[in-house]
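Each chain, letter by letter, is given below.
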Amino acid sequence: MIDYLVKKNFFGINIFSWGTFLVIIFASILLLLNPIMLPPNFSDISYHLSVANGFINSGGVVTWNYWEAAPIGRAQLYPPLFHIILSGLLLLGINQIFLIKLVSFIIYPLILWAIWYLGKNIFNDFVGFLSVIFVAKSLPFIMTSVTVLPATLSIFLTLLIYVFLTRKKYLAAFLLMILVWYSHMFLPYFSAWLLFSYGLVNKKEFKKVLIIIFGSFIFYLPWFINVVTHLNYIKYFSVLTPFERGKNDSLFDIFLPFSFIVTFFWCLIYFFKNELFQKVLPIFIWIFPMFIIIPLYPERFFSAGGLVALAICLAVFIYLILEKNNNLILNVIFIIFIIFFDVQLIHTPEKNPVIHLRSTTFVSLINVEPNFWSGIKYNPYSQINLNLADKLKNNTNSNDIIWSKTSIFEHYYYHPETQVIIGNFFGGLANRAIANARDPEEFRPDLWQPLPVEKAAMVVAELKQTPFWNGERSQSDQQLSDILAKNFLLVDRSEILYLYKNKSNDLVTVDIVKPVVPLWLTYLLILLIVTLIFYSIYNNKLDKIFFHENSSH
């Protein structure tokens, strides 16, 4: 029955491909209409916006982050691909808020399309459809995909690489892998592991796989050396457990991993010699290193490709089972069940972790509460906050530094005593350096010295840090209030934020760092890579030259 539907076309397109397009459109519309998820967690995207602004100010890619932890700065280790793309869009004159919404939104249907593209081309239309269903109905994946954009970009490119590799488009895979190395700090190593797994399963391809992995890495060596020489600036994992970390709500899918385990062992027993099982084996092997992330940083499992890999494998395993079952009614009931049934683990500050049955994540997406995921109590992209960002920009010079340590979001994600959410937000929108780093060198006097408040051009404070507060407060808040009363003038305020300007002209400023690679050259290189990718897809001459392969169209 399933095989019959897999071969059934309407207007030249398979019925499951039509279904996939409808799912992608439906899920994307729900995301677009949800004001809580778009814009997403603004700490991440505003940080990336700051990096892009820093590149523009310098005229190219830099290896020293002068816009964060000012005035000394810190090593810039985040691979620059996403920031180069943002810089180019900003240089085109696109409004910052529109740009934030655009890139945060567009990445979601793109990653769903890439999952379908892989499932359809390597397996069949049903596998592509089911894979997209599993991923689209995962609320944690939706949240992470639109929040950690470089990670989602890395997974998107990796899925395309795997398709090109299986189609023997080796040069396209090689060039895309160069971009992957520059997309994220650690996900490219998972991508390389996927390619390596493919080489293990397909031994005739092993040599070419090694050329793709290590050859592309040569082009990444300059940035890799930059990372290795500044390892003391790196901290990826929290020492806290998932439920100790902050006051955020936590939500994790458990239906997908559980179903994956059950169906895998079922298929392992009965279908190990099936051709599709052999094709999915590299993706199955790809998953295992990602499981290491779960006890250290469980949210990263969703943004590292773990959920995507699970979804594809599970879709293949379910297809193998349904392929042997010719009962139409049972097949339809089973497909409806796996589409609309969810089991999720939810943890809130008020309750212990509980198992929760959801009708479907599509419904959950419509009904999600404002503080469900990131502790956001209100929309930070409100007009009054955007007006504050404009005021901040208009009252400072391009090399001035802003200072802020507010805790209004109860977002103790990095360090309880060092709040960077507001600093990143206003620094990114106003294109100004901030005095609040969010990384561990804040507590390393040999690496970083905090900027005295009196030397900052402007301060963004919350009510309890200002002279307007009449209740009890901490000693540090009282000290800040005294400094603001003596050295600063109130410029503007919102319902919860106060913007102060320094009365003095004796301020510390930042020095704009010279680029290591000019922006125009990065755009030229990316254009060259993309052009060669398209050429190699539709013409095998370059594959013959570089890989001695007579690849088919």
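Note: the structure precedes this text.
Along each chain, numbering runs from 1 in the same order as the chain's sequence is written. Two thresholds apply to this predicted model, a pLDDT of at least 70 for residue-level local features and 80 or more for giving and counting side-chain atom pairs, whereas whole-chain, interface and lining totals are computed over all residues. As a convention, hydrogens and water are excluded, and side-chain values are obtained from all of the structure's heavy atoms.

Moving on, we come to the packing of aromatic side chains. Paired rings are identified among Phe, Tyr and Trp, the last through its six-membered ring, by centres lying within 6.5 Å, and are further divided according to the angle between planes into stacked (under 30 degrees), edge-to-face (over 60) and tilted (the rest). For the coordinates displayed, the defined rule picks out 25 aromatic pairs. Geometrically, the ring pair formed by Tyr47 and Tyr78 is tilted, given 6.2 Å between the ring centres and 50° between the ring planes. Taken together, the residues Tyr47 in helix α3 (residues 42-58) and Tyr78 in the loop between β5 (74-75) and α4 (81-91) connect sequence positions 31 residues apart. Exposure categories follow from relative accessible area, calculated using a 1.4 Å probe and restricted to protein chains: below 20% of the type maximum is buried, above 50% is exposed, and the middle band is partly exposed. Note on Tyr47: relative accessible area 6%, which makes it buried. With a centroid separation of 5.0 Å and an interplanar angle of 80°, the aromatic rings of Phe425 and Phe426 are classed as edge-to-face. Note on accessibility: Phe425 and Phe426 belong to one class, buried. Each member of the aromatic cluster is reached from another via a ring pair, and the members are Trp181, Tyr182, Tyr189, Phe217, Tyr220 and Phe224. By definition, any uninterrupted DSSP run of H or I lasting at least four residues is a helix, any uninterrupted run of E lasting at least two residues is a strand, and each is numbered from the N terminus.

Pairing in this open sheet of five strands is mixed, and the strands run β10-β9-β11-β13-β12 from one edge to the other. Two strands close off the open sheet at either side, each with one partner strand: β10 (433-434) and β12 (488-493). Pairing between two strands is assigned when DSSP locates at least 2 bridges connecting them. In the sheet, β12 pairs with strand β13 (residues 497-502) via five bridges, with the strands oriented antiparallel. Within β13, the position partnered with Asp492 by the bridge is Leu499.

Across the interface, helix α9 (residues 170-181) lies against helix α10 (residues 187-201) with an axial gap of 9 Å and an inter-helix angle of 150°. Relative to α10, the element α9 lies roughly antiparallel. The handedness of the crossing between α9 and α10 is left-handed. From α9, Met177, Val180 and Trp181 reach across to α10, where they touch Pro188, Tyr189, Ser191, Ala192 and Leu195. Classifying every residue of the contact of α9 with α10 gives seven nonpolar, one polar and no charged. Helix axes are fitted to C-alpha atoms over the stretch in contact, other axes to C-alpha atoms as well, and angles between N-to-C directions run from 0 to 180 degrees. Each angle is binned into one of four classes, with values under 35 degrees roughly parallel, values over 145 roughly antiparallel, values of 65 to 115 roughly perpendicular, and all other values oblique. Less than a right angle of anticlockwise turn of the near helix away from the far helix marks a crossing as left-handed, whereas a clockwise turn marks it as right-handed. Contact criterion: two residues are considered in contact whenever any of their non-hydrogen atoms come within 4.5 Å of each other. Nonpolar residues are Ala, Val, Leu, Ile, Met, Phe, Trp, Tyr, Cys and Pro. Charged residues are Asp, Glu, Lys and Arg, and all others, Gly as well, are polar.

With respect to the secondary-structure elements, Phe426 resides in helix α20 (residues 421-430). A residue is classified by how much of its surface remains accessible, and Phe426, at 1% relative accessible area, is buried. A C-alpha to C-alpha distance of 8.0 Å links Phe426 and Ser46, two positions 380 residues apart in sequence. Not counting residues up to four positions away in its chain, the partners in contact with Phe426 are Asn385, Leu388, Ala389, Leu392, Ile402, Asn431, Val460 and Leu497.

A word on a nonpolar patch on the surface. A cluster of nonpolar side chains, contributed by Ile25, Ile29, Leu32 and Leu33, occupies part of the molecular surface with about 400 Å² of accessible area. One can find Ile25 in helix α2 (residues 15-32). Owing to a relative accessible area of 48%, Ile25 belongs among the partly exposed residues under this scheme. Candidate patch residues must exceed 30% relative accessible area and have no salt bridge, after which like charges are joined if within 9 Å and Val, Leu, Ile, Met, Phe, Trp or Tyr side chains if within 5 Å. For the accessible areas, the method is Shrake-Rupley and the probe is 1.4 Å, while residue cover comes only from the protein chains on display. Any carboxyl oxygen of Asp or Glu within 4 Å of a side-chain nitrogen of Lys or Arg constitutes a salt bridge here.

Moving on, we come to the side chain of Ser197. Looking at the secondary structure, you find Ser197 in helix α10. Among the residues examined, Ser197 registers a relative accessible area of 0% and is labelled buried. Residues within four places of Ser197 in sequence aside, it is in contact with Pro282, Ile285 and Trp286.

Before going further, it helps to spend a moment on the packing of helix α6 (residues 125-136) against helix α16 (residues 306-323). Their axes nearest at 8 Å, the elements α6 and α16 cross at an angle of 135°. Taken together, the axes of α6 and α16 are oblique relative to one another. α6 and α16 meet at a crossing whose hand is right-handed. Contacts from Phe126, Val127, Leu130, Ser131, Phe134 and Val135 in α6 reach Leu307, Val308, Ala311, Ile312, Leu314, Ala315, Val316, Ile318, Tyr319 and Leu322 in α16. For the contact of α6 with α16, a count of residues per class yields 15 nonpolar, one polar and no charged.

Bringing unusual backbone geometry into the picture now. In the segment running from Ala70 into Pro71, the intervening peptide bond is cis, with an omega of 5°. With respect to the helices and strands, Pro71 occurs in the loop between β4 (64-65) and β5. Even without a glycine there, the phi angle at Ala69 is positive, about 60°. Within the secondary structure, Ala69 is located in the loop between β4 and β5. The phi angle at Lys168 is positive, at roughly 65°, despite the residue not being glycine. Take Lys168: it is sitting in the loop between α8 (149-166) and α9. You can call Lys168 partly exposed: its relative accessible area is 31%.

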